Amino acid sequence: GLMMEDDCRESEEESREGVEEAKELVARIDGLKTLGNQHFRHGEHEAALRSYSEALQLIDTMRSFSSAVTVALCANQALCLLKLDRFEDAEQRASAALVVDPSNCKAVFRRGQARVHLGDLRGAHEDLQKSLRLDPQSREIRQKCEEVRKLYEAAPIDPREVEVAEGAAAALGMGDAGLYLEKPDLNEGRLAETHLEQREWVNTITSWVEITDICFAEQEKASTVTVYMGLPGVHKIPKNKVCVWMHVQSLEVRVIDLEGTNWVYIAKELCGQIDQEASSWKVKTDKLVLKLHKRASARNWDKWDKLR
């Protein structure tokens, strides 16, 4: 009996020691990540890279660790390597992040940037288009996407690609048309990659249900109207299935294929004019949040209780 009690005590002590060691490791990893961020902010990219690498080495010694932190560290390494013009290494570290989380927008974007410098325009184009789908609101991504699209379209097609495409076309019985002339139908669920494609996609859909669950923030700045649109599950669908178009006097919201329903809200004439550049929107859990920035002429409404 005594031996069993001793064994239990030793086991508990070992377990406690293990927990303490794990806590120390987590604290060290967090500290290295913070230090890396500080180095990066000061333009010390080599030092930042070392800190991120040390943190990842510590993670490798642990049985399990937060995948989100691992992904962030790998993506941060990629950013440092881009700054250091080490593009092959940057591509590799971004890819390492994407093995863990294939939908990490920063990692996809950084790999795309690395591939531009490596001359892989096809790969860069695919990565940048994907990053735009993941974050359609990012101006930086949109701008880079457009730059690379022009380069990609201007580049000569690899003869090997043409050969493969022609072979596939023949196998599919497409004759001389070839795969390069084939464009998928937007209404078949293909992800729209630009606002124009979103609009084209919307125009192919005929069945819409009006969004009626709309409310306003209790406390409001004189210059802003915060609008909440209740849409259960909206945070679970791809971002580019949510279309919000704001103009000086009008607002249009479309949510495509949310659990089989297409939702719409249109205000052809808002209560007052808004500054669409200063206005914004985001998807939150089960709702859309719109921040409409009033123009000076509309600020005599201290509080809006309707949109149209």
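Our subject in this report is the structure included herewith. As the structure is a prediction and not an experimental result, all values here were calculated from the model. (Residues numbered from 1 in each chain as written. Predicted model: local features only at pLDDT ≥ 70, side-chain atom pairs only at ≥ 80, totals over all residues. Heavy atoms only, no water.)

Assigned secondary structure in the chain consists of nine helices and eight strands. Residues counted as buried form 38% of the 308 residues belonging to the chain. Restricting to contacts in the chain with at least 6 residues of sequence separation, those with at least 24 account for 54%. For the chain, the exposed area adds up to about 18500 Å²; of that, 50% sits on carbon and sulfur atoms. (Helix = DSSP H or I, 4+ residues; strand = E, 2+ residues; numbered from the N terminus. Buried < 20%, exposed > 50% of the residue type's maximum accessible area, 1.4 Å probe, protein only. Contact = heavy atoms within 4.5 Å. Areas by Shrake-Rupley, 256 points an atom, 1.4 Å probe, with all protein chains shown as cover.)

This part is about the pattern of salt bridges. Counted by the stated rule, this structure contains eleven salt bridges. Among the salt bridges present, the one from Arg86 reaches Asp89, with a minimum N-O distance of 3.2 Å. Judged by its relative accessible area of 35%, Arg86 is partly exposed. Taken together, the salt bridges that share partners define one network made up of Glu91, Arg111, Arg115, Asp120 and Asp127. (Salt bridge = Lys/Arg side-chain N within 4 Å of Asp/Glu carboxyl O.)

On to the sheet that holds strand β6 (residues 261-267), then. Read across the sheet, four strands follow the order β1-β6-β5-β4 without closing on themselves; strand pairing throughout is mixed. Strands at the two margins of the open sheet, each flanked by one partner only, are β1 (209-210) and β4 (242-246). (Pairing = 2+ DSSP bridges.)

Sheet architecture is open: four strands sit in the order β2-β3-β8-β7, paired in antiparallel fashion. Two strands close off the open sheet at either side, each with one partner strand: β2 (214-216) and β7 (280-284). The average angle at which neighbouring strand axes cross in this sheet is 20°, direction not considered. Taken together, the five bridges between β7 and strand β8 (residues 287-293) define a ladder with antiparallel strand orientation. What sits directly across from Lys284, in β8, is Lys287. (Axes fitted to C-alpha atoms, helices over the stretch in contact; angles between N-to-C directions.)

The next subject is the packing of aromatic side chains. In this structure the tally under the stated criterion is zero aromatic pairs. The ring of Trp208 is capped by Arg254, whose NZ or CZ atom sits 4.5 Å from the centre of that ring. (Phe/Tyr/Trp six-rings, centres within 6.5 Å; stacked < 30°, edge-to-face > 60°. Lys NZ or Arg CZ within 6 Å of the ring centre and 35° of its normal.)

What follows is about the environment of Arg254. Within the fold, Arg254 resides in strand β5 (residues 251-258). On the accessibility criterion, Arg254 (12% relative accessible area) is buried. Distance in space between the C-alpha atoms of Arg254 and Cys243 is 5.0 Å, their sequence separation being eleven residues. When residues no more than four places from it in sequence are discounted, the contact partners of Arg254 are Val202, Trp208, Lys241, Val242, Cys243, Trp245, Trp263, Val264 and Ile266. Only 2.7 Å separates the side chain of Arg254 from the side chain of Glu252, close enough to count as a polar contact. (Polar contact = N/O pair within 3.5 Å; in protein donor to acceptor, adjacent residues only side chain to side chain.)

Time to look at the pairing of β6. In regular strands, side chains alternate between the two faces of the sheet. By the bridge criterion, two bridges tie β1 to β6 in an arrangement that is parallel. Residue Glu210 lies in a different strand from β6, and its bridge partner there is Val264. As paired elements, β5 and β6 share six bridges and run antiparallel to each other. Directly across from Leu258, in β6, lies its bridge partner Thr261. Here β5 folds back onto β6 in antiparallel fashion, the turn holding two residues, of which Glu259 has a positive phi close to 50°.

On to the nonpolar core, then. Ile29 and Leu73 are the most contacted members of the largest nonpolar core, which has 26 residues in total. Ignoring anything within four residues of it in the chain, the contact list for Ile29 reads Ala55, Leu58, Ile59, Met62, Phe65 and Val69. Listed in part, the 23 residues of the second largest apolar core include Met229, Val242, Met246 and Leu290. (Core = buried A, V, L, I, M, F, W, Y, C linked by side-chain atoms within 4.5 Å.)

The phi torsion at Asp85 lies on the positive side, around 60°, for a residue other than glycine. By secondary structure assignment, the location of Asp85 is in the loop between α3 (67-83) and α4 (87-100). Under the relative-accessibility criterion, Asp85 is labelled exposed at 55%. In this structure, Asp286 is a non-glycine residue whose phi angle is positive, near 65°. Within the secondary structure, Asp286 sits in the loop between β7 and β8. Accessibility expressed as a relative area gives 34% for Asp286, which makes it partly exposed.

Once that is clear, we can look at the packing of helix α2 (residues 45-60) against α3. With their axes 9 Å apart at the nearest point, α2 and α3 run at an angle of 155° to one another. Relative to α3, the element α2 lies roughly antiparallel. Our pair here, α2 against α3, has a crossing hand that is left-handed. Where α2 approaches α3, its residues His45, Ala48, Leu49, Tyr52, Ser53, Ala55, Leu56 and Ile59 are matched on the opposing element by Val69, Thr70, Leu73, Cys74, Asn76, Gln77, Cys80, Leu81 and Lys83. Looking at the contact of α2 with α3 residue by residue, the class counts come to eleven nonpolar, five polar and one charged. (Parallel < 35°, antiparallel > 145°, perpendicular 65-115°, else oblique. Left-handed = near helix turned anticlockwise from the far one by under 90°. Nonpolar A, V, L, I, M, F, W, Y, C, P; charged D, E, K, R; others polar.)

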